[in-house]
Amino acid sequence: MAAQATPQPGGLHNRNPVAENNRNRPVAQGDSLQEKVHLKRELGLFSAVSLIVGVMIGSGIFVSPSMALQEAGSVGFCLIIWATCGAISLLGALCFAELGLLVPRSGAEYVYLQEAFGGLHKFWGPLPSFLCSWVYVAVLRPAEVAVIIMAFAEYVCQPLEMYIGHIEEGSKGVAKKYIALLALGLLTYVNLMSVKLFVRVQNVFTVSKLMACLIVVISGIYVLCEGYTDNIAAGFQGSNFSPQNVALAFYYALWPFDGWSTVTTVTEEVKKPEANILRSVVIAVPMVTAIYFMMNVAYMSVLSIPEMTSSPAVAVTLADRTLGPVKFLIPLGVALSTFGCALSIQFSVTRLCYVAAREGHMLQALSYIHTRRLTPAPAVLLQGLLTLVFVVVGDIASLIDFVSFLIWIFYGLAMAALLVMRKTKQDDLRLYKVPLLFPVFIIFVSLFLCLVPIITDPSPRYFVALVLIGLGVAVYVPLVFYRLRPRWMENFSYVIQVLMEVVPAEEPAVDRIGS
């Protein structure tokens, strides 16, 4: 983590001294670097919607419905949970849209916590935003990408088994690891090359995943029209209303919805953010909610509760029942869906990493931009390496629980930041403002999802998350608050410049939207 010699109020800074010195040491560009290097606005409304949909629709809707149903206990209660999760996601996304218009910088939760609390206290003020960047960049998002590309590998193997026969479990496990690693290398390459390439690839994958979801929905509608209503007619029989089961059911159902805040992570790359941030949220989140609800209706119409809860790949099981010789379309569509999701998550977290490094909360080399491709190449490479670690050692079910627990801590803190800025920035012009009840409700949801599982089932995985936060504090004190900078950090930054052809970014002027 980078530190600065001259302290600033609240422990934050806007420039690194090595970065300033290196501006006069351009890499592979001769003796001068005339053109400013910074991230460009490449995402229009369609691409912003595609980004949100791309992150939200990944492996979750094809994996977690069986787990959510197992905890809910009944078809009717499970469908209510899915609809409620869609409403929660929309309320949260609308709150983030207000935050994105009020603080028009990339980074989402990170910059909102920094803006709200950074100047309140020299030590405690910057700590929440640092912990946000620490957890998201070091663990949370790389773990998500690992979960998703592991699911990608699972669904790639499904059609292979359909046509070449059964694969031994040991050989299948090795094949899945290699497929996941190849997918990781490809998505990292796309994000390294250019934002325009990412936009083109992401738009194609978004259309592909919507087609896969539509096939599932049509399959369910066909079965219902044929008169097979026994499974869905079970209603609320067997519902489980215990707090622990309800909390876990919401965990598994909210996992596929995660991503509704994605567009605010890349605010500085959205064209006309004053209009497109809110529009993209209003279009994308309700659309995904409707798709998820209808897909669950399809699953529950075709499969019984025992069949769903015992299926490791519920979408493939549905395809076996309804699609006959073209059943390979579902695992193929899911594979495309999961790859596109992993691509978008990596894209967004590299921007958070870039912004945090720009503010001095990460190694300063992570704030550098490639001189020609205009991508945060060191941040992209870091995320690729961290994800590689999770792919090698990860487990899908445990990672989902772990990631969900951490996500809602910072969602709740972001809502608290919104409430704080209602006071500290009450005179700022707002183009959009949510009712006060919305952020308050999301805070209560986050408290419920974070505390109930710990109280009812104090599993070690939750305390591991708290240990990770404690480790972040241990890093924060010497390297950020006290600004200690070992000599190797400066040497490392310069080596990264030389090897990767990157330079410190020239920050474009970011005016407050609507001012």
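Calculation criteria
- Residues numbered from 1 in each chain as written.
- Predicted model: local features only at pLDDT ≥ 70, side-chain atom pairs only at ≥ 80, totals over all residues.
- Heavy atoms only, no water.
- Phe/Tyr/Trp six-rings, centres within 6.5 Å; stacked < 30°, edge-to-face > 60°.
- Helix = DSSP H or I, 4+ residues; strand = E, 2+ residues; numbered from the N terminus.
- Buried < 20%, exposed > 50% of the residue type's maximum accessible area, 1.4 Å probe, protein only.
- Lys NZ or Arg CZ within 6 Å of the ring centre and 35° of its normal.
- Expected span 1.5 Å × (residues − 1).
- Arc of directions from axis to C-beta.
- Core = buried A, V, L, I, M, F, W, Y, C linked by side-chain atoms within 4.5 Å.
- Contact = heavy atoms within 4.5 Å.
- Salt bridge = Lys/Arg side-chain N within 4 Å of Asp/Glu carboxyl O.
- 1 Å grid on protein atoms, 1.4 Å probe; cavity = no way out; pocket = protein on both sides within 12 Å on 5 of 7 lines; lining within 4 Å.
- Points joined across faces, edges and corners; volume = space filled by probe spheres on them.
- Nonpolar A, V, L, I, M, F, W, Y, C, P; charged D, E, K, R; others polar.
- Patch = residues over 30% accessible without salt bridge, like charges linked within 9 Å, V, L, I, M, F, W, Y side chains within 5 Å.
- Areas by Shrake-Rupley, 256 points an atom, 1.4 Å probe, with all protein chains shown as cover.

Caption draft 1: Representation of the packing of aromatic side chains within the structure. A full pass over the atoms with the stated rule returns 21 aromatic pairs. The interplanar angle of 50° and the centroid separation of 5.9 Å between the aromatic rings of Phe152 and Phe339 together place this pair among those described as tilted. Separated by 187 residues along the polypeptide, Phe152 in helix α7 (residues 127-164) and Phe339 in helix α15 (residues 329-358) bring together distant segments of the chain. Under the relative-accessibility criterion, Phe152 is labelled buried at 13%. Exposure remark for Phe339: the relative accessible area of 4% places this residue in the buried category. The structure contains a cluster of three or more aromatic residues connected by ring pairs, namely Phe123, Trp124, Phe130, Trp134, Tyr476, Phe481 and Tyr482. The ring of Phe347 is capped by Arg351, whose NZ or CZ atom sits 4.0 Å from the centre of that ring.

Caption draft 2: Layout of helix α20 (residues 487-500). For α20, built from 14 residues, the straight-helix expectation of 20 Å at 1.5 Å per residue is met to within 8% by its first-to-last C-alpha distance of 20 Å. Looking at α20, one finds that the buried residues are Met489, Ser493, Ile496, Gln497 and Met500. The buried side chains of α20 occupy one side of the element, clustering within an arc of 105° when seen end-on. Among the exposed residues of α20, those pointing more than 90 degrees away from its buried face are Arg487 and Leu499. Backbone geometry just after α20 places Glu501 at a positive phi near 55°.

Caption draft 3: How the structure looks around the nonpolar core. Counting residues in each nonpolar core, the largest one holds 165 residues, and the members touching the most others are Phe62, Tyr112, Tyr155, Tyr292, Met295, Tyr299 and Trp408. For this core, the leading source of residues is α7, giving 20 residues. If sequence neighbours within four positions are ignored, Trp408 has contacts with Ile88, Leu254, Trp260, Ile442, Val445, Ser446, Leu449 and Cys450. Ala365, Tyr368, Ala377 and Ile496 belong to the second-largest nonpolar core, a separate cluster that totals six residues.

Caption draft 4: Broad picture of the pattern of salt bridges. Counted by the stated rule, this structure contains eleven salt bridges. A salt bridge links Arg105 to Glu115; the nearest nitrogen and oxygen atoms lie 3.3 Å apart. With Arg105 in the loop between α5 (75-102) and α6 (109-117) and Glu115 in helix α6, this pair connects stretches of sequence that are ten residues apart. Residue classification places Arg105 among the buried residues on the basis of a relative accessible area of 19%. By relative accessible area, Glu115 is classed as partly exposed at 24%. Glu268 is the salt-bridge partner of Arg358, the closest N and O atoms lying 3.0 Å from each other. Residue Arg358 is located in helix α15, and its partner Glu268 is located in the loop between α11 (262-265) and α12 (273-302); the two are separated by 90 residues in the primary sequence. A single burial state applies to Arg358 and to Glu268, both of which are buried.

Caption draft 5: Up close: empty space enclosed by the protein. All told, the structure shown has six cavities of 30 Å³ or more when counted by the stated rule. The space that makes up the largest cavity amounts to roughly 140 Å³. As for the largest cavity, its lining consists of 17 residues, of which Tyr136, Arg141, Thr262, Thr265 and Ser348 are closest to the centre. Broken down by secondary-structure element, the contributors of at least two residues to the lining of the largest cavity are α7, α11 and α15. When residues of the lining of the largest cavity are assigned to their parent elements, the largest contribution, four residues, is made by α15.

Caption draft 6: Fine view of the layout of surface pockets. Estimates place the volume of the second largest pocket at around 300 Å³. Taken together, 17 residues line the second largest pocket, and the ones lying closest to its centre are Leu363, Leu366, Pro378, Leu382 and Leu386. Residue assignment for the lining of the second largest pocket shows that the elements contributing at least two residues are α7, α16 (377-393) and α20. The dominant element in the lining of the second largest pocket, judged by the number of residues it contributes, is α16, at five residues. Tallied by class, residues from the lining of the second largest pocket come to 17 nonpolar, no polar and no charged.

Caption draft 7: Summary view of unusual backbone geometry. Despite not being glycine, Lys272 has its phi angle at roughly 45°, a positive value. Within the element layout of this structure, Lys272 appears in the loop between α11 and α12. With a relative accessible area of 60%, Lys272 lands in the exposed category. Even without glycine at this site, Glu501 takes up a positive phi of about 55°. One can find Glu501 in the loop between α20 and β2 (502-504). Glu501 sits in the partly exposed class, given a relative accessible area of 25%.

Caption draft 8: Structural context of helix α10 (residues 243-254). Given a rise of 1.5 Å per residue, twelve residues ought to cover 16 Å, and the 16 Å separating the end C-alpha atoms of α10 matches this to within 8%. The buried fraction of α10 amounts to ten of the twelve residues, a majority that puts the element mostly inside the structure. Those residues of α10 lying buried are Asn245, Val246, Ala247, Leu248, Ala249, Phe250, Tyr251, Tyr252, Ala253 and Leu254.

Caption draft 9: Representation of a nonpolar patch on the surface within the structure. Taken together, the side chains of Val174, Tyr178, Leu181, Leu381, Leu385, Leu388, Val389, Val392 and Val393 make up a nonpolar region of the molecular surface, amounting to roughly 810 Å² of accessible area. Among the secondary structure elements, those contributing two or more residues to the nonpolar patch are α8 (169-193) and α16. Inspection of the secondary structure assignment puts Tyr178 in helix α8.

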